[in-house]
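As a plain string of letters, each chain reads:
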Amino acid sequence: MGFLLISAFAFAILSSMANGQDTIVPAVITFGDSSVDVGNNDYLPTLFKANYPPYGRDFINHKATGRFCNGKLATDITTETLGFKTYPAAYLSPEASGKNLLIGANFASAASGYDDKAAYLNVRNFVIAALRTSLVELHLTLKVSHAITLTQQLEYFKEYKTKLAKVAGSDKSATIIKEALYLLGAGNTDFLQNYYVNPYVNKVYTADQYGSFLVSSFKTFVKSLYGLGARRLGVTSLAPLGCLPAARTIFGSHEKGCVSRFNSDAQQFNKKMNAAATSLKKELPGLKLVIFDIFTPLYDVVKTPSKYGFKEATKGCCGTGRVELTSFLCNLKTPGTCSNATEYVFWDSVHPSEAANQVLADTLILQGFALL
């Protein structure tokens, strides 16, 4: 099966070349949270930024662009595999203008999620929870997070369509919108940085009930995006939340290894997402929709890291690797940051390293062939 998929992928590349295209799809357009944010939060008044070292130390020119990683995101690697020489720009950046719009745009915002209301609280809740479990006591005034909600990301996409039409012309822009690959990475933030640390939510709703609410929001988002012209959409599942270093630190003191309850919640949510995807494809003619299973490959990497060339899977590279996130806890003054991130599954306490993102990107390409 793997050989057949790779052969089919090679055929898609040759076909696009025969049609005069350098890339398999004309553009990549991305929505979501910090797992796919390439720098939009650099331009927002929020704590949740990654435009400072040591973030980006292994990226192009060792530049911290706003990606929550030491290097490339899984979506960056996927974009390269599809034939792109440069990455679609963060929509709020100056680079998202002129001919750069022809290859797409990235609307993702760290701390965003399917729950629009939570986008204003995620940073505050999570940082407080992290500090309570940290050995470091900090006295700080937390600003309200101003993440770009998924609803606002769609509004920016509407702006993008207007700008694209001016650059490419109405006919070409319509083709780009229809043939583009759309990516959505969300949900992890809703649970880890809102539901589990927000008593106003977890005391009222069960994880299953909250998951159903998020799936409903997901379906609304997809229908809206479809109405704006999207036809090829790849959506990431939840990761094994209980295996993220921050989850182990904050919630895992009562058990060894991953927080089993969180992983069970993630698996139940992923089942709901797959069911929703099946329903949406029946309801929306011409929609190609794939839910990328990132739970399975990341869980396997965490459980058997040596099989993939990793030495550390329980903590991140930055600092102690157990609570570090945002500039308060992961910065150049943070002691203990590892020298070789390729040995670590996680870069900080939540986000995978570039090396782990490569494993995930390989999975995305194979699972997403139906979108090409």
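Owing to the predicted nature of the structure, the values given are computational and were not obtained by experimental measurement.

Quick notes on the rules
- Residues numbered from 1 in each chain as written.
- Predicted model: local features only at pLDDT ≥ 70, side-chain atom pairs only at ≥ 80, totals over all residues.
- Heavy atoms only, no water.
- Helix = DSSP H or I, 4+ residues; strand = E, 2+ residues; numbered from the N terminus.
- Buried < 20%, exposed > 50% of the residue type's maximum accessible area, 1.4 Å probe, protein only.
- Contact = heavy atoms within 4.5 Å.
- Areas by Shrake-Rupley, 256 points an atom, 1.4 Å probe, with all protein chains shown as cover.
- Pairing = 2+ DSSP bridges.
- Axes fitted to C-alpha atoms, helices over the stretch in contact; angles between N-to-C directions.
- Expected span 1.5 Å × (residues − 1).
- Salt bridge = Lys/Arg side-chain N within 4 Å of Asp/Glu carboxyl O.
- pLDDT = per-residue confidence, 0-100.
- Arc of directions from axis to C-beta.
- Phe/Tyr/Trp six-rings, centres within 6.5 Å; stacked < 30°, edge-to-face > 60°.
- Parallel < 35°, antiparallel > 145°, perpendicular 65-115°, else oblique.
- Nonpolar A, V, L, I, M, F, W, Y, C, P; charged D, E, K, R; others polar.
- Polar contact = N/O pair within 3.5 Å; in protein donor to acceptor, adjacent residues only side chain to side chain.

Undergrad: What should I look at first to understand the overall build of the protein in this one?
TA: Broken down by element type, the protein carries 13 helices and 7 strands. When the 372 residues of the protein are sorted by exposure, 57% land in the buried category. Taking as baseline every contact in the protein between residues at least 6 positions apart, the subset at least 24 positions apart corresponds to 76%. Accessible surface, the protein as shown: approximately 16100 Å² in total, 56% of it carbon and sulfur.

Undergrad: Is there a simple way to explain the sheet that holds strand E3 (residues 181–185) in this structure?
TA: In any sheet, the strands associate via hydrogen bonds between backbone groups, in a parallel or an antiparallel arrangement. The sheet built from 5 strands is open, its strands ordered E2-E1-E3-E4-E5 with parallel pairing. This sheet does not close on itself; its edge strands, each paired only once, are strand E2 (104–106) and strand E5 (288–292). Neighbour-to-neighbour, the strand axes of the sheet open up by a mean angle of 20°, direction not taken into account. In the sheet, strand E1 (residues 28–32) pairs with E2 via 3 bridges, with the strands oriented parallel. Within the sheet, the bridge partner assigned to Thr30 lies in E2 and is Asn106. Sheet strands touched by helix H10 (residues 260–283): strand E4 (232–236) and E5. Its angle to E5, the strand with the most contacts, is close to 175°.

Undergrad: So what exactly am I meant to see when it comes to helix H8 (residues 207–227) here?
TA: Within an α-helix, residues lying three or four positions from one another point in the same direction, as the helix has 3.6 residues per turn. For H8, spanning 21 residues, the distance from its first C-alpha to its last is 30 Å, which sits close to the expected 30 Å at 1.5 Å a residue. Along H8, the residues that are buried comprise Ala207, Tyr210, Gly211, Leu214, Val215, Ser217, Phe218, Phe221, Val222, Leu225 and Tyr226.

Undergrad: Where do I start with the pattern of salt bridges in this structure?
TA: Side chains that differ in sign of charge can pair as their charged atoms come close. Enumeration according to the criterion identifies 9 salt bridges in this entry. We note a salt bridge from Lys72 to Glu80, for which the minimum N-O separation is 3.0 Å. Residue Lys72 is classed as partly exposed on the basis of its relative accessible area of 21%. Assessed through its relative accessible area of 32%, Glu80 is described here as partly exposed. A salt bridge links Glu283 to Lys223, with the nearest nitrogen and oxygen atoms 3.4 Å apart. In this pair, Glu283 sits in helix H10 while Lys223 sits in helix H8, placing the two residues 60 residues apart along the sequence. Classification of Lys223 by relative accessible area gives partly exposed; the value is 36%.

Undergrad: Just checking my understanding: could you explain the confidence of the model for the protein for this structure?
TA: Low-pLDDT stretches of the model should not have their predicted coordinates read in fine detail. Residues at a pLDDT of 70 or more form 87% of the protein, whose mean pLDDT is 89. Scored below 50 in pLDDT, residues 13–20 makes 4 contacts in the model with residues more than four places away or belonging to other chains. Counting interchain partners and residues more than four positions distant, the pLDDT-below-50 stretch residues 128–144 has 23 contacts.

Undergrad: What should I look at first to understand helix H5 (residues 170–179) in this one?
TA: Taken residue by residue, H5 has Ser173, Ile176 and Ile177 as its buried positions. One face of H5 carries all of its buried residues, which in axial projection span an arc of 95°. On its buried face, H5 is in contact with E1, helix H4 (150–168) and E3.

Undergrad: Explanation requested: the packing of aromatic side chains in the structure shown.
TA: Here the distance between the centres and the angle between the planes together describe a pair of aromatic rings. Following the criterion strictly, the structure yields 26 aromatic pairs and no others. Both rings, one in Phe157 and one in Tyr182, keep their centres 5.9 Å apart while their planes meet at 85°; by these two values the pair is edge-to-face. Of this pair, Phe157 sits in helix H4 while Tyr182 is found in strand E3, placing the two residues 25 residues apart along the sequence. Accessibility expressed as a relative area gives 0% for Phe157, which makes it buried. Exposure remark for Tyr182: the relative accessible area of 0% places this residue in the buried category.

Undergrad: Just to check I follow, could you spell out the packing of H4 against H8 for this structure?
TA: In a packed pair of helices, the relevant descriptors are the angle between the two axes and the axis-to-axis distance. Following both chains from N to C, one finds H4 and H8 inclined at 5°, their axes separated by 11 Å at the closest point. One finds that H4 runs roughly parallel with respect to H8. Of H8, the residues touching H4 (which contributes Leu150, Leu154 and Phe157) are Phe221, Ser224 and Leu225. Class assignment for the residues of the contact of H4 with H8 results in 5 nonpolar, 1 polar and no charged.

Undergrad: Even after reading the chapter, I still don't get the side chain of Thr23, so can you show me in this structure?
TA: Positionally, Thr23 belongs in the loop between helix H1 (2–18) and E1. Residue Thr23 is classed as buried on the basis of its relative accessible area of 13%. Only 2.6 Å separates the side chain of Thr23 from the backbone oxygen of Val25, close enough to count as a polar contact.

Undergrad: Mind showing me how you'd approach the side chain of Asn263 here?
TA: Within the secondary structure, Asn263 is located in helix H10. Not counting residues up to four positions away in its chain, the partners in contact with Asn263 are Pro240, Leu241, Gly242, Cys243, Cys258, Phe295 and Tyr299.

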